[in-house]
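Take a look at the letters that make up each chain.
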Amino acid sequence: MRRLAKVLAVAAGGAMALAGVTTPARAEVWACSSFVNTTTNVAGAVCNGGFGTYRVAAKCNSAHYPYTRTVVGPWRTKASGQAGSYSLVSGDPQGCHVVHAWWQVR
């Protein structure tokens, strides 16, 4: 009986130790917006809430194959309590016209 109680106590302690193991918190940004400026052929995105990493992605149309592709700007990191910075991508170096933009989060 005592041995069974000891085994159960060890098992319960192991379960409690496992329950205490957590994964790191995942960063999350919000209040994001994106835009396309057809005059300058630039797309951009910015996130102003939370903290984490994001970038702009844009649909870029071309007269050459591939006719439509996705181009992306640099990853930006937003710290908690600070304003986010813009991630920008230009279609000019890509030889295409930016027509639609959105943001990506990692």
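Please refer to the structure higher up on the page.
As a starting point, this report considers the structure included with it. In this numbering scheme, every chain counts its residues from 1 along its sequence in written order. Per-residue local features of the predicted model are confined to residues with pLDDT of at least 70, and side-chain atom pairs are confined, for both listing and counting, to 80 or more; whole-chain, interface and lining totals are unaffected and use all residues. With hydrogens and water set aside, each side-chain value is computed from the structure's full complement of heavy atoms.

1. Brief notes about the overall build of the protein
For the record, the criterion: Where helices and strands are cited, they refer to DSSP runs of H or I of at least four residues and of E of at least two residues respectively, numbered from the N terminus. We call a residue buried when its accessible area falls under 20% of the maximum for its residue type, exposed when it is over 50%, and partly exposed in between, using a 1.4 Å probe and counting protein chains only. We call two residues in contact whenever any of their non-hydrogen atoms come within 4.5 Å of each other. Note on areas: Shrake-Rupley, 1.4 Å probe, and residue coverage restricted to the protein chains presented here.
Helix and strand counts for the protein come out as 1 helix and 6 strands. The N-to-C order of helical and strand elements in the protein reads α-β-β-β-β-β-β. Counting all 106 residues of the protein, 28% fall into the buried class. In the protein, of all internal contacts separated by at least 6 residues, the share reaching a separation of at least 24 is 59%. When the accessible area of the protein is evaluated, it comes to approximately 7300 Å², of which 59% is carbon and sulfur surface.

2. Brief notes about the pairing of strand β5 (residues 87-90)
The condition that has to hold: The pairing criterion is simple: DSSP has to find at least two bridges between the two strands.
What you see with β5 is a clean split: S87 and V89 sit on the buried side and L88 and S90 on the side with no burial. Alignment of strand β2 (residues 42-61) against β5, held across 4 bridges, turns out to be antiparallel. Note that in β5 the partner of A43 across the bridge is V89.

3. Some details on the side chain of S62
Mapped onto the secondary structure, S62 falls in the loop between β2 and β3 (68-72). Judged by relative accessible area, which is 14%, S62 ranks as buried.

4. Comments concerning the packing of aromatic side chains
Selection rule: Aromatic pairing here means that ring centres of Phe, Tyr or Trp (its six-membered ring) are within 6.5 Å. Orientation follows from the plane angle: under 30 degrees is stacked, over 60 is edge-to-face, and everything else is tilted. Lysine NZ or arginine CZ positioned within 6 Å of the ring centre and within 35 degrees of the ring normal marks a charge as sitting over the ring.
This model, assessed by the stated rule, comprises 2 aromatic pairs. Here the guanidinium or amino end of R106 rests over the ring plane of W75, the centre of that ring lying 4.3 Å away.

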